[in-house]
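In case you want the letters, here they are:
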Amino acid sequence: MIQSVCSYAIMLTNFDSEEQLNDWNQVRHLCNRNQKCDQDRIPEVNSKFWSDCPDGVSICERTIQQHSEFLERFAGILRTAFLYSPHVLVTDAELFDGIYFLAFGPDIVLGLLGQSGYEKPFLTVSGRQPTLEQCLLRFTTVPPDNQHKLSTEEETVTLPGIGTLRPLEYQVLQKTVTSEESQRFAPQTRAVLNEHAGDHWSIAQRIAHLYAAYCQQDPSDGTCQFLAQRWQEWIDAERKGLIRYEQQDSQTGSNSSTARSFNEAFLPVVSENANCLRSWCSASKADEAEKTEFRDVLDKISHEPRRSKAFALIRHSTLPVGRSDCNRTMECDQQTLVDWYQFVYRLAMADYLGCCLMAVESKPNSYERYAGRTGGRSLMLSGKVTELLGQMPSSCFVQFCYQSRDAIQQWRNCRPNAPDSDQQRHIRNIAYCVQKSASQLDRKQDNSKIIKQFVATLIIASISVFCDKIIFSSSISIIVILAGAWFIEVFPELLTMMEWLHDQHTATQTMVFAQR
């Protein structure tokens, strides 16, 4: 399993392909609020988003060039996780259908951590096929005799054996291919592949043409070709040793043993967290009818290890849909069940692959944060710290890692199941190091500090003169005199210490979640 790579490898809930798209859209909405002209607004992610403009630059490339907020957001999440573990694990689906990984590509992602290619790879991709390229083919297509299936059969798909697109929810296209649509698209799939059978195209290029054909776009216009470019860049990065590919051991087993293996990880996680959600439901303010429906749907999805089927059960329920924005509160609605299932599925997958699950800046009031608080598994580091890390130029981040190498190593040596006191001590060190490294020179702020210190010193001096008058005019205990003199002497240093303690406190008022 992946434990052979590193016993401290971590998976991020943020890197789930759906979570990547949600996070991207949040940044997009914030950027669009500041745009006065509709022409300058950032478009939604779809097939045209990956297409070339007349000048040969794709909409995706132009977006990340003109709006640094996307890179800063992704960099903050990636660097926060990297400080805790130098080994980050993603699945092939997260890589090939994740908008952040496809928008930036391996060169930028490696550059965010200051890696030049001579270091040990920090990113490990986990898949069931012998090679990463075959994972792309297996993830996006099914052979002709499996067009009607949604199962996780393990046979390797070869290029001549492509039947049609896989029934799946494609985040980078924002389209859901149903089983019926997949079967109807099979003749067009064969037509597209036969038309270019003599071309020396890579698998990535052929898949991009299938995407364009399904979206009813003209591939000659460069539709989805930027996707093909990014897919190939990641495949080439693995071949060059810049990232690592790890085939899951279950690949050699039968289909049934694979299902049982994942169920063995899935069912215990579901059992624990289902009880947690039931307790929350009982204490909620919803009416009894909604609580009953909520628990019934929870019982159904608790026995469904296939995420697409579980989401279908949730969508077909009569529960309120609920809001999906980051400011939502947990209620007895469909969105809470989606949040819950996303969490337990990711947690089971992390356990199945032998790594630790982590969430950077989990959504307020989402089940991830609720589970972290109720289970005592909260690591206080993110928010402002993540923002500061994201804003650092790569060279500054490299310098920060070197200057804070002892604090970083101590935090990495702190196991997820270590006592909370040990975790919090190392986390405060990290937060303090980040804040000090990101501090900036500000004349106005320095002037303000100097004026405050001068006023405080002036007040203390006045008190000192007043005390002298009292001492000479009346008899006061020598202990009071010594205490007053001591306080006057240390007061300036006391102000400095209080300011330092405040900086430490504000630097750790945010959150990372790590599953023990």
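Structural notes, computed from the coordinates. Being a predicted model, the structure only gives us computed values, none of them experimental.

Conventions adopted
Residues numbered from 1 in each chain as written. Predicted model: local features only at pLDDT ≥ 70, side-chain atom pairs only at ≥ 80, totals over all residues. Heavy atoms only, no water. Helix = DSSP H or I, 4+ residues; strand = E, 2+ residues; numbered from the N terminus. Buried < 20%, exposed > 50% of the residue type's maximum accessible area, 1.4 Å probe, protein only. Contact = heavy atoms within 4.5 Å. Areas by Shrake-Rupley, 256 points an atom, 1.4 Å probe, with all protein chains shown as cover. Axes fitted to C-alpha atoms, helices over the stretch in contact; angles between N-to-C directions. Parallel < 35°, antiparallel > 145°, perpendicular 65-115°, else oblique. Left-handed = near helix turned anticlockwise from the far one by under 90°. Nonpolar A, V, L, I, M, F, W, Y, C, P; charged D, E, K, R; others polar. Pairing = 2+ DSSP bridges. Salt bridge = Lys/Arg side-chain N within 4 Å of Asp/Glu carboxyl O.

Another aspect to go through is the overall build of the protein chain. When its secondary structure is counted, the protein chain shows 21 helices and 11 strands. Burial analysis of the protein chain (516 residues in total) assigns 49% to the buried set. Partitioning the contacts of the protein chain with sequence separation of at least 6, the portion at a separation of at least 24 is 74%. As displayed, the protein chain offers around 25300 Å² of accessible surface, 53% of which is attributable to carbon and sulfur atoms.

All right, on to the packing of helix α12 (residues 288-301) against helix α14 (residues 334-352) then. When two helices pack together, you describe them by how their axes are tilted relative to each other and by the distance separating the axes. Axis separation between α12 and α14 bottoms out at 11 Å; the angle between their running directions is 30 degrees. The angle between the axes of α12 and α14 places the two elements in the roughly parallel class. By crossing handedness, the relation of α12 to α14 is classed as right-handed. Within the contact between the two elements, α12 uses F294, V297, L298 and I301 and α14 uses T336, L337, W340 and Y341. In the contact of α12 with α14, the residues fall into 7 nonpolar, 1 polar and no charged.

Turning our attention to the pairing of strand β2 (residues 88-91). In β2, alternate side chains face the same way, and those of V88 and V90 on one face and L89 and T91 on the other are all buried. Bridge analysis of β2 against strand β3 (residues 123-127) gives 4 bridges, and the strand direction is parallel. Bridge pairing in β3 places T91 opposite S126.

Glancing now at the pattern of salt bridges. Counting across every chain of the model gives 10 salt bridges. Residue D299 is joined to R278 by a salt bridge in which the shortest nitrogen-to-oxygen separation is 2.7 Å. On the criterion of sequence distance, the pair formed by D299 in helix α12 and R278 in helix α11 (residues 255-283) is long-range, its members being 21 residues apart. D299 sits in the partly exposed class, given a relative accessible area of 32%. Note that R306 is salt-bridged to E304, the shortest N-O span being 3.0 Å. Each member of the salt-bridge network shares a partner with another, and the members are E133, D236 and R239.

We now examine the environment of C60. Within the secondary structure, C60 sits in helix α2 (residues 59-66). For the pair C60 and F49, spaced 11 residues apart in sequence, the C-alpha to C-alpha distance is 5.7 Å. If we ignore the near neighbours within four places in the chain, the residues touching C60 are F49, W50, A103 and F226.

When you tally the buried positions in strand β9 (residues 356-360), you get 5 out of 5 residues, the bulk of the element. Where burial is concerned, the two faces of β9 agree: the one with C356, M358 and V360 and the one with L357 and A359 are both buried. Relative to β9, strand β1 (residues 10-12) runs parallel, the two being bridged by 3 bridges. From the neighbouring strand, M11 faces β9, where its bridge partner is L357.

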